[in-house]
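If you want the building blocks of each chain, they are given just below.
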Amino acid sequence: MIGESEERPWGSWTVLDEGDGFKVKRIHVNARSRLSYQTHEHRAEHWVIAAGRCTAVIDGETVVAGPGESIWVEVGQAHRITNQEDCPLVVVEVQLGSYTGEDDICRLEDDYGRTPVTAG
């Protein structure tokens, strides 16, 4: 739902737009924080860095991107967004796929003790 947002241990996300086969989110990652290492069965993700510096892990390989740069994650690829900097990271995430629900997350590793397979 457009405008939906949620606080997470690492920061927050807000849905900016969505339609058939896509969802657009603004992801705010706190300084020195990271999301879980995870996969999705039904969606690919395209991350555009709006502010800060993203140190991502895609299938075990590190990718670094700054403002105006982007990172592509295929369906099923293990991935993680990390902010190793002292200032916030803002990522615009475009999810593309047959299903973009929050329950399409399989956590492989998590810094916050959340269960391996869950929403968000």
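Residues numbered from 1 in each chain as written. Predicted model: local features only at pLDDT ≥ 70, side-chain atom pairs only at ≥ 80, totals over all residues. Heavy atoms only, no water.

A short note on the state of the cysteines
Here comes step 1: Applying the stated criterion across every chain, the model contains zero disulfides.
Here comes step 2: The cysteine cysteine 54 is free of any disulfide, with cysteine 87 supplying the nearest cysteine sulfur at 12 Å. (Disulfide = S-S within 2.5 Å.)

Some details on the nonpolar core
Here comes step 1: With 17 residues, the main nonpolar core has Trp47 and Ile81 as its most contacted residues.
Here comes step 2: Mapped by element, the contributors of at least two residues to this core are strand E2 (11-19), strand E3 (22-29), strand E6 (43-51), strand E7 (54-58), strand E9 (70-73) and strand E11 (89-97).
Here comes step 3: With residues up to four places along the chain from it excluded, the contact list for isoleucine 81 reads Ile27, Val29, Arg34, Leu35, Trp47, Cys54, Thr55, Leu89 and Val91. (Core = buried A, V, L, I, M, F, W, Y, C linked by side-chain atoms within 4.5 Å. Buried < 20%, exposed > 50% of the residue type's maximum accessible area, 1.4 Å probe, protein only. Helix = DSSP H or I, 4+ residues; strand = E, 2+ residues; numbered from the N terminus. Contact = heavy atoms within 4.5 Å.)

Here's the deal with the side chain of aspartate 104
Here comes step 1: Its location among the elements puts aspartate 104 in the loop between E11 and strand E12 (106-109).
Here comes step 2: Here aspartate 104 sits buried without a salt bridge, and the closest side chain of opposite charge, arginine 43, lies 4.4 Å off (N-O distance).
Here comes step 3: Residue contacts for aspartate 104: discarding those within four places in its chain leaves Thr39, His40, Glu41, His42, Arg43 and Tyr99. (Lys, Arg positive; Asp, Glu negative; His and termini not counted. Salt bridge = Lys/Arg side-chain N within 4 Å of Asp/Glu carboxyl O.)

With respect to the UniProt feature "domain: Mannose-6-phosphate isomerase type II C-terminal" (unreviewed entry) in the protein
Here comes step 1: Under the local residue numbering, the UniProt record ascribes the feature "domain: Mannose-6-phosphate isomerase type II C-terminal" (unreviewed entry) to residues 8-110.
Here comes step 2: With 0% helix and 62% strand, residues 8-110 has end C-alpha atoms that lie 12 Å from one another. (UniProt positions renumbered as here; feature names shortened; annotations may be inferred.)

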